[in-house]
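Now for the letters of each chain:
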Amino acid sequence: MASTSGSQPQQVNVADLDLQQLSDVRRQLEEELNHLTNSFAQLKQAQAKFKSCIENAGEVKPQNKETTILVPLTNSLYVPGHLSDSENVIVDVGTGYYVKKSRAQATKYYETKVEYIRSNLETLQDTIQKKQENMNYLINVMQAKLQQSQPQPSSKS
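What this report covers is the structure whose coordinates are included nearby. (Residues numbered from 1 in each chain as written. Predicted model: local features only at pLDDT ≥ 70, side-chain atom pairs only at ≥ 80, totals over all residues. Heavy atoms only, no water.)

### Brief notes about the overall build of the protein
Counting its secondary structure elements, the protein contains two helices and four strands. Over its C-alpha atoms the protein spans a radius of gyration of 27 Å, topping by over 25% the 15 Å that the globule rule assigns to 157 residues. Reported as C-alpha extents along the three principal axes, the dimensions of the protein are approximately 95 × 45 × 20 Å. Out of the 157 residues in the protein, the part that is buried amounts to 18%. Contacts in the protein between residues far apart in sequence, at least 24 positions, make up 54% of those at least 6 positions apart. Considering the protein, the positive charge centre built from 17 side chains and the negative charge centre built from 17 side chains are found 2 Å apart. (Helix = DSSP H or I, 4+ residues; strand = E, 2+ residues; numbered from the N terminus. Rg over C-alpha atoms; globule rule 2.2 N^0.38 Å. Buried < 20%, exposed > 50% of the residue type's maximum accessible area, 1.4 Å probe, protein only. Contact = heavy atoms within 4.5 Å. Lys, Arg positive; Asp, Glu negative; His and termini not counted. Charge placed at Lys NZ, Arg CZ, Asp CG, Glu CD.)

Put into structure tokens, the structure is as follows:
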């Protein structure tokens, strides 16, 4: 199929579609909504993790130097350790890379991450809301078509 408008998608009035096509569009919208909602939840989890990292960096204080702490090796396995450097922390910058940063630099790094995710969450929330509005409109059109397709009872006296 050749298109002269480049990569512009064609707009189709959903009122012109039959019930089967409307059902297909509804299924596609539901899949998109599920994907977007899952992405939203994952971003919220990442944001919570970064906020936790900000709190953790704040807990590393000079008065805590040489105290015994529990060091996480996995989500469920911790080993005892000692806090030997209370001025610097190790920051996970992704894909298995770690960087030594001061507590202030680490806090700023994580605050930047939290803000970036917050702006993405706002954009994603707007997209989800528009998709839900599209879904509601589509359902209303489907209901109207179903009512039109049902035989009307004749009122003969």
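### Quick look at the environment of P80
Summarising the element assignment, P80 is placed in strand β2 (residues 78–82). Since its relative accessible area comes to 65%, P80 is described here as exposed. It is 46 Å that separates the C-alpha atoms of P80 and E32, two residues lying 48 residues apart in sequence.

### Here's the deal with the pattern of salt bridges
Counting across every chain of the model gives six salt bridges. For the salt bridge of E30 with R26, the shortest nitrogen-to-oxygen distance reads 3.3 Å. Taken as a pair, E30 and R26 lie in helix α1 (residues 19–59) at a separation of four residues, close to a single helical turn. E30 gets classed as partly exposed once you look at its relative accessible area, which sits at 34%. In this structure, R118 and E122 form a salt bridge, with 2.2 Å as the shortest nitrogen-oxygen distance. (Salt bridge = Lys/Arg side-chain N within 4 Å of Asp/Glu carboxyl O.)

### Quick word on the side chain of Q47
Along the chain, Q47 falls in helix α1. According to the relative accessible area criterion, Q47 is buried, its value standing at 7%. Aside from chain neighbours lying at most four places away, what touches Q47 is V114, I117, R118 and L121.

### Examining the packing of α1 against helix α2 (residues 103–149)
Geometry of a packed helix pair, given as the angle between the helix axes and the separation of the axes. Taken N-terminus to C-terminus, the directions of α1 and α2 make an angle of 160°; their axes are 8 Å apart at the nearest point. By the angle between their axes, α1 is roughly antiparallel relative to α2. In the packing of α1 onto α2, the handedness of the crossing is left-handed. A breakdown of the residues in the contact of α1 with α2 according to their chemical character gives 25 nonpolar, ten polar and eleven charged. (Axes fitted to C-alpha atoms, helices over the stretch in contact; angles between N-to-C directions. Parallel < 35°, antiparallel > 145°, perpendicular 65-115°, else oblique. Left-handed = near helix turned anticlockwise from the far one by under 90°. Nonpolar A, V, L, I, M, F, W, Y, C, P; charged D, E, K, R; others polar.)

### A closer look at the pairing of strand β1 (residues 68–72)
Here five bridges tie β1 to β2, and the two strands are oriented antiparallel to one another. When the sheet's bridge partners are listed, P72 is paired in β2 with Y78. The antiparallel pairing of β1 with β2 creates a hairpin that spans five residues between the two strands. (Pairing = 2+ DSSP bridges.)

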